[in-house]
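Here is what each chain is made of, one letter per residue.
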Amino acid sequence: MVAFAAAALVLAGCVSVPPAVSDPRPSESAEPAPAPATRLALISDFGTCDAGEQWTADQVDAWGVDAIVTAGDNTQHEVGCIPYAESVWGYFEQGRDGQGVPPLWPTLGNHDYSDEGAGLDAYRAAFPYLSTAADAQQRWYTQDVGDVTLIVLDSETTPEELEIQRGWLKETLSDQRAARPDAWNVVLFHRPAYTSGVHEDNREMRPTAGWDYAGWGADIVIAGHQHIYEDVIVDGLHYVTAGIGGTANIRECPVELREGSRLCLAGTGASVIEATADQFVLRYYQPDAEGKATLGDTVRLSR
């Protein structure tokens, strides 16, 4: 009789039934979402204010990158193309999302020093946000961008100052390896140490001159100056010449490439870099006859 009454009360809604208890343990199939890749645009020798630079800027905009990195010659001595005010900021954003965070991290090239209206003072005024921690004149510096550490050098200076930079680079790479072991260390300067281009190799910044990039912790070395794209591998390290981000001053690749060169590509181009803790991928694109971006080369580094 008691059991019957209790059952009746439950059916009448007078007695609450405790809800089912969910299992507090996480599902075995649930995994944290992977961190998004750091995306960088790499351009070089681009300050020409022409259709090639516009194509380059359009690609950078379409890629939705976290930052833009240059390998020098942010001005190209083109008449009617005012250094920096037009050659850079006429095509690329000076800030982002109202945060005042500059998206472009430049490297000094020979034209940044020599072009009329350029020079170090004008360069520093155009990029006032560059760090002075390493050099009071902002010629060499480091910048962390997600999974990448940019280590920017000035190849357009005296042997004495190259020696200062060499010691600084060794110390900086060592510190970066300790502080950010999962970051990719990208070393940038303008004149390439190894190249098949028309300008001579920058022998003053080769490992044989005491620049032990790989031994100190660099993952890749990137330069410009030759107005071609090239990937030269020496002792397992990629030395990439970044190409030309404009139409003016395009050069041809030589028939015979230097030892270690994987390939050489002539014509306008720009790269997008995607980096995670375990992969670094550089993809170089060029316009086809209709201006559509076509993949020209891929450099892939893995851990």
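For the structure itself, consult the block above.
Residues numbered from 1 in each chain as written. Predicted model: local features only at pLDDT ≥ 70, side-chain atom pairs only at ≥ 80, totals over all residues. Heavy atoms only, no water.

Undergrad: Looking at this structure, I do not really get the nonpolar core. What am I missing?
TA: What tends to happen in soluble globular proteins is that the nonpolar side chains get buried as a cluster. Membership of the largest hydrophobic core comes to 52 residues, with the highest contact counts inside it found for F127, L150, I222 and F280. Residue contacts for L150: discarding those within four places in its chain leaves L40, V69, W105, Y141, T142, Q143, V145, V186 and L188. (Core = buried A, V, L, I, M, F, W, Y, C linked by side-chain atoms within 4.5 Å. Buried < 20%, exposed > 50% of the residue type's maximum accessible area, 1.4 Å probe, protein only. Contact = heavy atoms within 4.5 Å.)

Undergrad: What should I look at first to understand the pattern of salt bridges in this one?
TA: Throughout the structure, instances matching the rule amount to 13 salt bridges. For the salt bridge of R262 with D297, the shortest nitrogen-to-oxygen distance reads 2.8 Å. Remark: D297 occurs in strand β13 (residues 293-302) and R262 occurs in strand β10 (residues 261-265); sequence separation between them is 35 residues. Among the ionic pairs, E274 bridges to R283, the shortest N-O distance being 3.1 Å. Exposure remark for E274: the relative accessible area of 26% places this residue in the partly exposed category. Ionic contacts of the salt-bridge type, sharing partners, join the residues R39, E274 and R283 into one network. (Salt bridge = Lys/Arg side-chain N within 4 Å of Asp/Glu carboxyl O. Helix = DSSP H or I, 4+ residues; strand = E, 2+ residues; numbered from the N terminus.)

Undergrad: Explanation requested: helix α5 (residues 159-179) in the structure shown.
TA: Because each turn of an α-helix spans 3.6 residues, side chains separated by three or four positions end up pointing in the same direction. Between its first and last C-alpha, α5 extends 30 Å over 21 residues, near the 30 Å set by a 1.5 Å rise per residue. Taken together, the buried positions of α5 are L162, Q165, W168, L169, T172, L173 and Q176. Here the buried residues of α5 occupy an arc of 140 degrees about the axis, which is enough to place them on one side. Along α5, exposed side chains directed more than 90 degrees from the buried face belong to E160, I164, E171 and A178. Buried residues along α5 sit in contact with β4 (141-145), β5 (148-152), β6 (184-188) and α6 (213-216). (Expected span 1.5 Å × (residues − 1). Arc of directions from axis to C-beta.)

Undergrad: Where do I start with the state of the cysteines in this structure?
TA: Linking two cysteines covalently via their sulfur atoms produces the bond known as a disulfide. Per the stated rule, a full pass over the model turns up 2 disulfides. In this model, C253 is linked to C264 through a disulfide, with the two sulfur atoms separated by 2.0 Å. Taking the sign of the S-S torsion, -85 degrees for the link of C253 and C264, the bridge is left-handed. Placement of the pair is C253 in the loop between β9 (237-242) and β10 and C264 in strand β10, with a sequence separation of 11 residues. With relative accessibility at 23%, the residue C253 sits in the partly exposed group. In the protein, the cysteines engaged in disulfides, taken in order along the sequence, are linked 1-2, 3-4. (Disulfide = S-S within 2.5 Å.)

Undergrad: Just checking my understanding: could you explain the side chain of N110 for this structure?
TA: Within the secondary structure, N110 is located in helix α3 (residues 110-114). Only 3.2 Å separates the side chain of N110 from the side chain of H225, close enough to count as a polar contact. If near-sequence neighbours (up to four positions away) are discounted, N110 is found in contact with D73, E156, H190, R191 and H225. (Polar contact = N/O pair within 3.5 Å; in protein donor to acceptor, adjacent residues only side chain to side chain.)

Undergrad: Looking at this model, I keep getting lost on the sheet that holds β10. Mind explaining?
TA: Sheets are built from strands that pair by backbone hydrogen bonding, the pairs being arranged parallel or antiparallel. With mixed pairing, the 7 strands of this open sheet are ordered in space as β4-β5-β6-β7-β9-β8-β10. The outermost strands of the open sheet, each flanked by one partner alone, are β4 and β10. Pairs of neighbouring strands in the sheet enclose a mean axial angle of 20 degrees, with direction left out of account. In terms of strand pairing, strand β7 (residues 220-223) meets β9 through 3 bridges, oriented parallel. Directly across from A223, in β9, lies its bridge partner T241. (Pairing = 2+ DSSP bridges. Axes fitted to C-alpha atoms, helices over the stretch in contact; angles between N-to-C directions.)

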